[in-house]
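# Tertiary structure, described
This is what each chain is made of:
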Amino acid sequence: MMDGNKLKELRELVEFLKANEIAEFDMEQDDLKVRIKFAGEPAVAAAPTGGIDLAQLSRLMASAPAGGAAVAPMHSAAAAPAASAAAPAPVEEALHEVKSPIVGTFYESPSPGAEPFVKIGDQVEVGQVLCIVEAMKLMNEIEADVAGEVVKRIAASGQPVEYGQPLFAIRTR
């Protein structure tokens, strides 16, 4: 069973992630597994090993922020792919993802208040700087590895990123 404190923490986490425009988040803590995705995809999946009752689920769903977030209970890790496969997936073109080569903090501009390196809709060339990932006080410029149009910025400026985490989606030419 999920206690009231865990439900409150989960609600606060969803609100924080949404407010900071974090597109995807995974967490595993004690008997709770959480996977959150925003932007019209299956959004929140909570999996306490003891199960969750319908009253708790309905309270959690009622408190989830509107606009692209959904809540679904999972009873095993295998249930996650089945839940996302059940929803009709929109046909999406193949976009190239520029991924973070290091763990650090993502910055879209060279300094606070400055214009971002690139904006959605910009045409980029191979080797063009897209962003900075700061790691251990070193500013690492992340460059485009393909030429094309920037379609989506996936990471939020000032937020931590993991190794291999997608930062940008580019429609290649």
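Heads up: these notes are all about the structure in this document.

Analysis parameters
Residues numbered from 1 in each chain as written. Predicted model: local features only at pLDDT ≥ 70, side-chain atom pairs only at ≥ 80, totals over all residues. Heavy atoms only, no water. Helix = DSSP H or I, 4+ residues; strand = E, 2+ residues; numbered from the N terminus. Buried < 20%, exposed > 50% of the residue type's maximum accessible area, 1.4 Å probe, protein only. Contact = heavy atoms within 4.5 Å. Salt bridge = Lys/Arg side-chain N within 4 Å of Asp/Glu carboxyl O.

Okay, the overall build of the protein chain next. Within the protein chain, the regular secondary structure consists of three helices and twelve strands. Taking all 173 residues of the protein chain together, 31% fall into the buried category. Partitioning the contacts of the protein chain with sequence separation of at least 6, the portion at a separation of at least 24 is 58%.

Within the secondary structure, Ala135 sits in strand β8 (residues 129-135). The spacing of Ala135 and Val103 is 32 residues in sequence and 6.7 Å in space, taken between C-alpha atoms. The contacts of Ala135, once residues within four sequence positions are left out, are Ile102, Val103 and Asn140.

Now for unusual backbone geometry. Across residues other than glycine, the phi torsion is negative in most instances, and most of the peptide bonds are trans. We note that Met136 has phi near 50°; this positive angle belongs to a residue other than glycine. What makes Met136 exposed here is its relative accessible area of 79%. Of note, the phi angle at Lys137 is positive, near 65°, even though the residue is not glycine. Examined against the element boundaries, Lys137 turns out to sit in the loop between β8 and β9 (138-143).

The full count for this structure, using the stated rule, is four salt bridges. Among the ionic pairs, Glu149 bridges to Arg171, the shortest N-O distance being 2.9 Å. With Glu149 in strand β10 (residues 148-153) and Arg171 in strand β12 (residues 166-172), the pair connects residues that are 22 residues apart, well separated along the chain. On the accessibility criterion, Glu149 (25% relative accessible area) is partly exposed. In this structure Arg171 comes out as partly exposed when scored by relative accessible area, which is 30%.

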